[in-house]
Amino acid sequence: MAAESAKKPDALRNVTIQPGFMPYAEGSALVTFGNTKVICTASVEETVPPFLAGKGQGWLTAEYSMLPRSTHTRKRRDREKVDGRTVEIQRLIGRALRPTVDLKKLGERTILIDCDVLQADGGTRTASVTGAMVAVGQAVGKLMQKGKLTASPMGLFVAAISAGIVNGVPTLDLCYQEDVNAEVDINVAMTEDGKFVEVQGTAEHGPFDRAQLDQLLEIAAAGIRELVAMQKRALGAETLKLLGR
Ligand code: UDP
């Protein structure tokens, strides 16, 4: 797309966050990063997994899936078994989002995140994390509004983005074509105060050095600062107030 080829290497693609996209869910957002589109929902269940029963704390977990035609060639639906990539991505989403909620203050309930990819063009896991944050914010806001919680369990905002070195150039928010050609490829999840929650980095064509990694972390951190501002705008003043933010 013309708009995408015009993107500066260290800039985000065109990002949109549409909160409340799935009104039956306690929290939801449709996020788009260029041609990547993901629906994220956060559902609240008044139970915890057996290993946490009676411990007075809550849980947060995530599931990830791609629609069959989210990809150029049809991806079979997961039926009996979930593939390794899906397991890896949903665990990443869960880990990345856990610092956003104080599980003790949440009490014995579970926040279940679902990220469903409508269209994939690179960066679906990082888009999922970024959108799920908004869904969680809405869901927790709803618990506060209903008076189910006295103190807000809202922790730090988290967003995630990919970056890579493409034809020697540090590039933010890779589309599929860039991802395929990248020499180095990283995914970063970071809190709003600039601390890392997860860094995944891989040499795709030959090893990379510390200076290259630092360059990528630098542009990723700048992108994440922009994304956190967008998440907060998407949630809006009323919800942020309910969250004590
Ligand atoms: N992709 C695909 N089919 C798959 C897996 C991935 O077409 O089964 C494409 C899709 O565009 C995806 C990209 O490859 O966004 C990069 O995939 P990766 O596993 O690196 O995860 P992502 O970048 O989406 O987090």
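What counts, and at which threshold
Residues numbered from 1 in each chain as written. Predicted model: local features only at pLDDT ≥ 70, side-chain atom pairs only at ≥ 80, totals over all residues. Heavy atoms only, no water. Salt bridge = Lys/Arg side-chain N within 4 Å of Asp/Glu carboxyl O. Helix = DSSP H or I, 4+ residues; strand = E, 2+ residues; numbered from the N terminus. Buried < 20%, exposed > 50% of the residue type's maximum accessible area, 1.4 Å probe, protein only. Axes fitted to C-alpha atoms, helices over the stretch in contact; angles between N-to-C directions. Parallel < 35°, antiparallel > 145°, perpendicular 65-115°, else oblique. Left-handed = near helix turned anticlockwise from the far one by under 90°. Contact = heavy atoms within 4.5 Å. Nonpolar A, V, L, I, M, F, W, Y, C, P; charged D, E, K, R; others polar. Pairing = 2+ DSSP bridges.

Draft legend 1. Molecular detail of the pattern of salt bridges. In the structure shown here, the tally under the stated rule is nine salt bridges. A salt bridge links Arg 245 to Glu 192; its shortest N-O distance comes to 2.6 Å. Of this pair, Arg 245 sits in the segment after α6 (210-242) while Glu 192 sits in the loop between β8 (182-191) and β9 (196-203), and the two are 53 residues apart along the sequence. With a relative accessible area of 39%, Arg 245 lands in the partly exposed category. The class for Glu 192 is partly exposed, based on a relative accessible area of 24%. If you follow the salt bridges from partner to partner, you end up with Arg 13, Asp 121 and Asp 173 in one network.

Draft legend 2. Seen up close, the packing of helix α2 (residues 84-97) against helix α4 (residues 124-145). Between α2 and α4, whose axes approach to 10 Å, the crossing angle comes to 40°. On the basis of the axis angle, α2 is oblique to α4. Along this stretch, α2 crosses α4, giving a crossing that reads as right-handed. The residues of α4 that touch α2, namely those facing Arg 85, Glu 88, Ile 89, Leu 92, Ile 93, Ala 96 and Leu 97, are Thr 124, Arg 125, Ser 128, Val 129, Ala 132, Met 133 and Val 136. Taken together, the residues of the contact of α2 with α4 sort by class into nine nonpolar, two polar and three charged.

Draft legend 3. Representation of the sheet that holds strand β3 (residues 36-45) within the structure. Reading across the sheet, the five strands line up as β1-β2-β3-β5-β4 and stay open at both edges, with mixed pairing between neighbours. Pairing within the sheet leaves two strands with one partner each, and these edge strands are β1 (15-19) and β4 (59-66). Taking the axes of each pair of neighbouring strands and ignoring which way they run, one obtains an average angle of 15° across the sheet. Two elements, β4 and strand β5 (residues 110-119), share eight bridges in a ladder whose sense is parallel. Each bridged residue has a counterpart across the sheet, and for Thr 61 the counterpart in β5 is Leu 112. Across the sheet, α2 touches β4 and β5, and the angle it forms with β4 is around 145°. Packing against the sheet, α4 makes contact with β1, β2 (27-33), β3, β4 and β5, and its axis sits at approximately 35° to β3.

Draft legend 4. Region of the structure containing the pairing of β5. Bridge count for β3 against β5 is nine bridges, and the pairing is antiparallel. Looking across to β5, one finds that Ala 42 is bridged to Ile 113.

Draft legend 5. Spotlight on the sheet that holds strand β6 (residues 158-166). As summarised here, the arrangement of the four strands in space is β7-β6-β8-β9, forming an open sheet in which the pairing is antiparallel. Of all strands in the sheet, those with a lone pairing partner are β7 (169-172) and β9, marking the two edges. Recorded for the sheet is a direction-independent mean angle of 15° between the axes of neighbouring strands. Here nine bridges tie β6 to β8, and the two strands are oriented antiparallel to one another. By the bridge assignment, Ala 160 is partnered in β8 with Ala 189. Contacts from α2 reach β6, β8 and β9 within the one sheet, and its direction differs from that of β9 by about 150°. Packed onto the sheet, α6 meets β6, β7, β8 and β9 and runs at close to 145° relative to β6.

Draft legend 6. Quick peek at the pairing of β2. Extensive coverage of β2 is indicated by the burial of seven of its seven residues. With burial as the criterion, each face of β2 is covered, one bearing Gly 27, Ala 29, Val 31 and Phe 33 and the other bearing Ser 28, Leu 30 and Thr 32. Note: β1 against β2, five bridges, orientation antiparallel. Paired with Thr 16 across the strands is Thr 32, a residue of β2. Bridge count for β2 against β3 is seven bridges, and the pairing is antiparallel. Its bridge partner being in β3, Ala 29 is matched across the sheet by Cys 40. The hairpin turn running from β2 into β3, its antiparallel successor, is two residues long, and Gly 34 in that turn takes a positive phi close to 60°.

It is worth stressing that arrangement in space is one thing and function is another; only the former is reported here.
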